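Structure at a glance
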Amino acid sequence: MAIEIKMPALSPTMEEGTLAKWLVKVGQSVASGDILAEIETDKATMEFEAVDEGVITAISVAEGSEGVKVGTVIATLAVEGEVADPVPSAPVAASAPTLPAADSAPDTATPPPAARASSPAANGDRVIASPLAKRIAAQAGVDLRSITGTGPGGRIVKADVEAASRGAAPRLATAVPAVGASQPTVAAVAPDFGIPYESEKLNNVRKTIARRLTEAKQTIPHIYLTVDVRLDALLKLRGELNTALEADGVKLSVNDLLIKALGKALLRVPKCNVSFAGDELRKYARADVSVAVAAPSGLITPIIVDAANKGLAQISTEMKVLAEKAKSGKLQPHEYQGGTASLSNLGMFGIKQFEAVINPPQAMIMAVGAGEQRPYVVDGALAIASVMCATGSFDHRAIDGADGAQLMQAFKDLVEQPLGLVA
Amino acid sequence: MANDYDLVVLGSGPGGYVAAIRAAQLGLKVAIVERENLGGICLNWGCIPTKALLRSAEVFHTMKHAAAYGLAADNIRADLDAVVKRSRSVAKQLNQGIAHLMKKNKITVHMGAGRLTAPRKLEVQNDKGTQALSAKHIIVATGARARDLPFAPADGQRVWTYRHAMTPKELPTKLLVIGSGAIGIEFASFYNDMGSEVTVVEMLGRIVPVEDEDVSAFLERALVKQGMQILTGAGVEAINVSSVGISAKIKSKDGKMAEMAFSHVIVAVGIAPNTESIGLEALGIKTERGIIAVDDYGQTNVSGVWAIGDVTPGPWLAHKASHEGVIAAEAIAKALGNKDVHPHAMDKANIPGCTYCHPQVASVGLTEAKAKAAGYAVKAGTFPFMGNGKAIALGEPEGFIKTVFDANTGELLGAHMIGAEVTELIQGYVVGKTLETTETELMATVFPHPTLSEMMHESVLAAYGKALHI
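Rules and cut-offs
- Residues numbered from 1 in each chain as written.
- Chains lettered and ligands numbered in written order.
- Predicted model: local features only at pLDDT ≥ 70, side-chain atom pairs only at ≥ 80, totals over all residues.
- Core = buried A, V, L, I, M, F, W, Y, C linked by C-beta atoms within 7 Å.
- Buried ≥ 20, exposed ≤ 12 C-beta atoms within 10 Å, placed from the backbone.
- Helix = DSSP H or I, 4+ residues; strand = E, 2+ residues; numbered from the N terminus.
- Contact = placed C-beta atoms within 7 Å.
- pLDDT = per-residue confidence, 0-100.
- Expected span 1.5 Å × (residues − 1).
- Nonpolar A, V, L, I, M, F, W, Y, C, P; charged D, E, K, R; others polar.

Quick notes on the nonpolar core
Ranked by size, the top nonpolar core spans 138 residues in total, and within it V8(B), A19(B), V30(B), I139(B), V140(B) and V265(B) carry the most contacts. With nine residues, helix α9 (residues 318-335) of chain B is the single largest residue contributor to this core. Beyond its immediate chain neighbours, meaning those up to four positions away, V8(B) contacts A31(B), V33(B), L122(B), L133(B), A135(B) and I138(B). In this structure, M14(A), A287(A), V293(A) and F394(A) belong to the second largest nonpolar core, which totals 79 residues.

If you want it as structure tokens, here you go:
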């Protein structure tokens, strides 16, 4: 009995990935839990574990293959003690194919599992559709896999495609993060002016960044609101807290405090803790702050869940672990997918002020510049103060300017009177 | 409860008996009620016996042209009585076949006139008396009859309907056929071949008006060449019947009235549904001009009462009735709890039509004109019989095959054929259409050589400017 090992969906939205590295060879015995391969998704490299034990009899997708669709058979495993079938006769429970629901499969019957297993279709389950349905779908840009067929045996017919392209086409682009990873990104072919250059193939992370940021800038009307925020009280508090927490091995960064400040500000101004989702507005009851981290493979945004209600020490500890994982490409999908707003800090590079691109489906991102000593008017007199610029980018479809301004005000208040952050 | 059924079918024509068989196959307890002949009109007085007559006419026609095939035949004549006798024996053989099918499927046959008396209740009346039946579901499949002209009621002597025309005692010397639909044209063709002098009067601008305009024009030329007189855009205003013949007042296209003499007239101006006196009104079953309103599965507005075939909206064709019978039987089985049946509504665009005149006519889907009127960008291709080896070998070089495609999607919208054996060819396109083919699959299909079917391939190629043999 042979078991087909298929390209796993390592996150709910994953459609394809790169088979970065095989850690097993043909003929090798594997036990449940052994690492079979490393798979690079659009955000991270993940380890793929064996579920069944047996001997690897075939590796059908080579190391380094890109764009391997979820569900593609990547290897075959023979259960120990049995001879591997040369042609796998039927898929086994472990890799159960997604057959159409029983009640949509009348007497004409869906193709028997054997037929599926032996047909080496490279991209997963076969879509059963009439020639005309296929052509109309291609012309209308409708994905046949998103359609339920009403023809004999659940076959997709013309009427199904027409119904799908008329109304219910799944097109909530802004609401669905990371969907359509297979679509080509900005296929701009740069002209060659004879300047010496070296081309580097884009990795999946870079492709995803390109696609998402293009989507954000092209589809989201951004507005930008900037405030000066005085940091003296916060810096003082941070010093005191770090002294107090030294024994616990905790060292808070300014950023840790800003994460909490943004979380609390979002809860104070819930109109800014939202997502624009096509024909509805999603209002979040919790503030999850995505924090931009520069990883070697590119920008990634691990999340501090419920930042408003976590202690600063916990935020700090979590952030260290997440940043570490981000740098080694080991973040799990749940650790970077989601978030209700983002924080991006380029202060460590001396950047005074900048505007960040919204991270869809979120509706705001806070861009923080360097804290620096500036001449500052305090109580009617010129003084020296530590000040930073904070610029919020808001999705204007979801958030009005005045509401955005309220959020900036709340953020400023929380940073300037930072005792609220420890309460 | 001997007379308590899951399903009672009223009428045993091609709709009714097929519905009964399908329901019995699905395990239902089924009875069928028939007032006259098992198999209904189709089998006893319609499709089948006329095909037997037309086959005789065709053989006769070929015999008369024996010399064209290098054969000699003298003293060729038709024996009308023997031709009719053969036709009747064909009908009888099939009628007995239906009786056998009912028995085999354990379907109870009640001979007599059926009538719905209440929801789930019927009575059957025959010369032995009245019998009450009850059923969870009832299918009305009582069919239709020829429509009469108000000024010329059929008498079976000089004024015939299809039914009289099928069992002539004598060959009409000069025959008037009113109406050029399938029935009118088939009888015109039969009697013309048998030796009658035939005149066809059609009110509309062309004969076989449901067919593609090119087909109508081609057929008219062919029939005129065979000696028929065809008056289109003309109407019969009055008919005077005497013991020696008929005089008809005919208003021609240009409005002129002419008095013409005939020996007989066949009235083929359409059909009327048999929906009177079967109890529909009492149950409140919705009809429109006698035609029963149904949903996609044959369900009427009254729960448990279904209708199929010629009592429902057209096309009024036997194969449409049979198909509706299967759909209704499966929908009823499903309603009774069978989870393994999945009835599918019929797509009326995929119902073929056949006319067995000489040359034959067959079609499916939209004509070129209707496709354009429906807003399609049309690609049409035509291939003539003259370009086909088999047609020439058969001595049948007259006719063509036309295909109509949606230029944008490649959908096969319609196919229209005229010529020898096209009634046997059309189903190739019907299969393709039902499977939602595009031109690509048809072009990629290998057609056997030498056959008439090669023209089906060439016609598709012609639509895309790729025909090989023209």
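Once the structure has been displayed, the description carries forward.
Considering the confidence of the model for chain B
Low pLDDT marks stretches whose predicted atomic positions should not be read closely. The predicted model of chain B has a mean per-residue pLDDT of 95, with 100% of residues at 70 or higher. The complex model carries a pTM of 0.60, and its ipTM stands at 0.82.

What about the environment of L280(B)?
Residues and elements named next belong to chain B. Among the structural elements, L280 can be located in helix α8 (residues 280-283). Each C-alpha atom of the pair L280 and T117 lies 8.7 Å from the other, and the pair is 163 residues apart in sequence. Excluding its chain neighbours within four sequence positions, the residues that come into contact with L280 are L116, T275, I285 and T287.

Overview of helix α7 (residues 312-327) of chain A
Residue and element names in this part refer to chain A. Over its 16 residues, α7 runs 22 Å from end to end, which matches the ideal 22 Å to within 8%, given 1.5 Å per residue. Of the residues making up α7, those classed as buried are L312, I315, S316, E318, M319, L322 and A326. Downstream of α7 by one or two residues, G329 has phi in the positive range, about 70°.

With respect to the interface of chain A and chain B
Contact residues are listed per partner, giving 12 residues for chain A and 12 residues for chain B. With six residues, helix α2 (residues 131-140) of chain A is the single largest residue contributor to the side of chain A that touches chain B. Of the residues in the side of chain A that touches chain B, the class split is seven nonpolar, two polar and three charged.

Focus: unusual backbone geometry
All names here are of chain B. The omega torsion of the bond from G314 to P315 falls at 5°, within 30 degrees of zero and hence cis. Tracing the backbone through its elements, the reader meets P315 in the loop between β19 (305-307) and α9. A cis amide bond links H358 to the next residue, P359, at an omega of 5°. Phi angles above zero are rare outside glycine, and N75 is one such case at about 55°. Inspection of the secondary structure assignment puts N75 in the loop between α3 (47-64) and α4 (80-104). With 4 C-beta atoms counted inside 10 Å, the residue N75 sits in the exposed group.

A few points about the confidence of the model for chain A
Averaged over every residue, the pLDDT of chain A is 80; residues scoring 70 or more account for 83%. For residues 168-187 of chain A, every residue scores under 50 in pLDDT, and the model assigns this stretch 36 contacts once sequence neighbours within four places are set aside.

Notes on the environment of E40(A)
Residue and element names in this part refer to chain A. With respect to the helices, strands and loops of the structure, E40 is situated in strand β4 (residues 35-40). According to the C-beta neighbour criterion, E40 is buried, with 21 such atoms within 10 Å. For the pair formed by E40 and N203, sequence separation is 163 residues and the distance between their alpha carbons is 9.1 Å. In contact with E40, not counting residues within four places along its chain, are G17, T18, A20, T45 and N204.

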